[in-house]
Amino acid sequence: MFGTGYMNKILLFNPRSARAKRRIPNSIMSIAASVEGLYEWVIVDGNCEREPYDKISAYLSSGEFKYVGFSVMPGPSLLQAIPLAKKVKKQYPQTIMVWGGYFASNQYQVVIQADYVDYVIYGPGDHAFPQLIHALEKGLPLQRIKSLIYKSDGRIIRNQKEELIDQQTLPSLPYEKLNSFYPIEKYLGKGYLGRRTLAYHSSVGCPFSCSFCAVVPIYNARWKAKPAAMVYQDIKYIKDRWHADAIEFHDNNFFVSEKRTVEFSRLILQENMTWWGEGRIDTINKYSDTSLELMRKAGCKMIFFGAETGNDTVLKKMNKGGTLCADEMKRFAARMKKFDIIPEYSFVLGTPFPTKKEVMKQIDFDLNFIREIKSINPDTEIIIYVYSPVPVEDSTLYNEVLADGFRFPRTLEEWISPHWINFDLRKNPLTPWLTPRMINRIKDFETVLNGCYSTVSDIRLNKVKRNILHALSLPRYLTGFYWRPYELKALQILWKYRQPEIDGF
Ligand code: B12
Ligand code: SF4
């Protein structure tokens, strides 16, 4: 059954987000799934197009498209999303522009104020998007559409947020149709995990409320997952149809339920696939040895963990929750050695303190803590972020940040200035308490650390290059002399050293 004819087709756009490796665009695919069978839709993926606007314009000039949906996360994808949305609205003013995704949800005020965005859906769009299109098609009121933000008489209206959707009720993603726009094989990238890596998203939200995390304002400490059997079925289908041999789970917190992880591991065991996901140290540390052994046997090769800091007081300020503490991080790094699962520890450096001296002291404390983790389990991969505030309202950390004078941009255009793009990349944020000296200290350490222990996920970096980097950086690492490691930086640029935190995992 298709809407009311040809004039209400939907164009869904996924702006370019990665420099190289493409991934199945699960966000925009979920939105496509939500209108599949109801309205005609097409996908334009900025990651697969040299000039996405040409493709968009070719569709829109047919006059058959009424709705344009943009999936917008922060960072470099804004560099396409913002100018292209503006251009679409200018050239095709009759189209209705809807934005969704993490950026649109967390920064909705600035998004909805742009005169080229008509509607924002904050949080999951699986129900809200088809409901919005239906209401617009039928001229129905919008007040009851949960998670919708719109303008009315110059005011911004933010409807009530929808409860989390039971994930097993959601339709399967329209892979075959995506394949008709862009070959799925091209989305199954070669990487550390395998030759054909599938990106899969099996749960939404997270049960925790860390005050630096973008998941919190959207999901408010709630988590819902697809059952293990459903996850397995989807993966098996892609494996059989397109020969995927590895899986990147894109869930914010894949491992919340030991039972589900174990069930999934039992099912996937026979498929000979490798996989990776994100979890919490204190959650997985409560898994039994038997579960961890099974996971490894079933292909779990590496797990990403938010370690954040080695300072328990800062963990508290971050509202990290659970039982996570520096001591557990150390014990867990040691425990993972036994199972041959690589722990990937991510740290958030540069949180605010009353004085600059204290900020610097904490940075140095964390750098030393990272070294300690490396000495306990040298295989631990280290990811370093610099704290970039997210609007977690009413959290101690965010309130402190506002009191320190931090402000988000007031227009969408400002978000695409180079320093705000860097802010999004969580590498060089413009927080008032960080000085260039502090940022350099973090970056210099990171360069030396990456030289000494190059990430295993950079598959292009051969043994010879690794050895050269290691030999060159070792004296610096051993003596703690990180200052201006230009020689290492030059080699990393020359060899296009891959940073998982920027290029994806
Ligand atoms: C895959 C991924 C990427 C991919 C690219 C994805 C792509 N678009 O092609 C790569 C690896 C390149 C990447 C990079 C970055 N990412 Co990223 N990424 C993710 C990840 C892991 C999965 C996204 C996904 O597929 N989700 C599955 C879908 C189903 O969920 P969803 O996106 O929320 O979509 C739902 C709703 O948002 C909404 N929706 C989404 N789009 C639309 C569109 C419309 C029209 C509507 C109506 C609704 C709607 O409905 C969907 C279905 O319910 C998320 C974390 C996560 N679990 O979501 C982080 C995440 C989005 N990334 C994040 C960040 C910060 C980045 C980076 C900026 C920095 C970094 N260092 O990681 C880089 C920069 C790249 C860039 N933006 O250009 C943050 C965003 C934080 C924030 N402040 O908002 C997240 C949340 C991770 C995190 N927990 O911190 N990322
Ligand atoms: S545990 Fe991870 S995903 Fe969950 S709120 Fe904290 S940082 Fe975010």
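Residues numbered from 1 in each chain as written. Chains lettered and ligands numbered in written order. Predicted model: local features only at pLDDT ≥ 70, side-chain atom pairs only at ≥ 80, totals over all residues.

Side note on the packing of helix α20 (residues 436-452) against helix α21 (residues 463-479)
Step number 1: Put simply, α20 and α21 touch, their axes get as near as 7 Å, and they point 130° apart. Classed by the angle they form, the pair α20 and α21 counts as oblique. The handedness of the crossing between α20 and α21 is left-handed. Seen from α20, the contacting residues are Val448, Gly451 and Cys452; seen from α21, they are Leu469, His470, Leu472, Ser473, Leu474, Arg476 and Tyr477. (Axes fitted to C-alpha atoms, helices over the stretch in contact; angles between N-to-C directions. Helix = DSSP H or I, 4+ residues; strand = E, 2+ residues; numbered from the N terminus. Parallel < 35°, antiparallel > 145°, perpendicular 65-115°, else oblique. Left-handed = near helix turned anticlockwise from the far one by under 90°. Contact = placed C-beta atoms within 7 Å.)

Notes on the pairing of strand β7 (residues 155-158)
Step number 1: With four bridges joining them, strand β6 (residues 148-152) and β7 adopt antiparallel strand pairing. In the strand pairing of β7, Ser152 is matched with Arg155.
Step number 2: As consecutive antiparallel partners, β6 and β7 are separated by two residues, and within that stretch Asp153 has a phi angle of approximately 50°, a positive value. (Pairing = 2+ DSSP bridges.)

Side note on the domain arrangement of the chain
Step number 1: Parsing the chain into structural domains produces domain 1 (9-150) and domain 2 (188-434).
Step number 2: Spacing between the C-alpha centres of domain 1 and domain 2 amounts to 27 Å.
Step number 3: Between domain 1 and domain 2, the residue contacts involve 21 residues of the former and 23 residues of the latter.
Step number 4: Mapped onto the side of domain 1 that touches domain 2, the elements with two or more residues apiece are α3 (78-91), α4 (102-106) and α5 (108-113).
Step number 5: Of the residues belonging to the side of domain 1 that touches domain 2, the class tally is twelve nonpolar, six polar and three charged. (Domains from an automatic or database assignment. Nonpolar A, V, L, I, M, F, W, Y, C, P; charged D, E, K, R; others polar.)

Some remarks on the site of ligand 2
Step number 1: Every residue lining ligand 2 is accounted for by Cys206, Phe208, Ser209, Cys210, Cys213, Val215, Val216, Asn252, Asn253, Arg280 and Gly306.
Step number 2: Within the shell around ligand 2, the residues separate by chemical class into six nonpolar, four polar and one charged. (Near = placed C-beta within 6 Å.)

A short note on the sheet that holds strand β4 (residues 96-100)
Step number 1: The strand order β2-β1-β3-β4-β5-β6-β7 describes an open sheet built from seven strands, whose pairing is mixed. Edge positions in the open sheet fall to β2 (41-45) and β7, since each of these has one partner strand only. Across this sheet, the average inter-strand angle for adjacent strands is 20°, counted without regard to direction.
Step number 2: Both β4 and strand β5 (residues 119-121) contribute to a ladder of two bridges, which runs parallel. Bridging across to β5, Trp99 finds its partner in Val120.

Thoughts on the sheet that holds strand β8 (residues 197-200)
Step number 1: An order of β8-β11-β12-β13-β14-β15 is seen for the six strands of this open sheet, with the pairing classed as parallel. At either end of the open sheet lies a strand with only one pairing partner, and these are β8 and β15 (381-386). With direction set aside, neighbouring strand axes in the sheet form an average angle of 20°.
Step number 2: As paired elements, β8 and strand β11 (residues 246-249) share four bridges and run parallel to each other. The residue of β11 that forms the bridge with Thr197 is Ala246.

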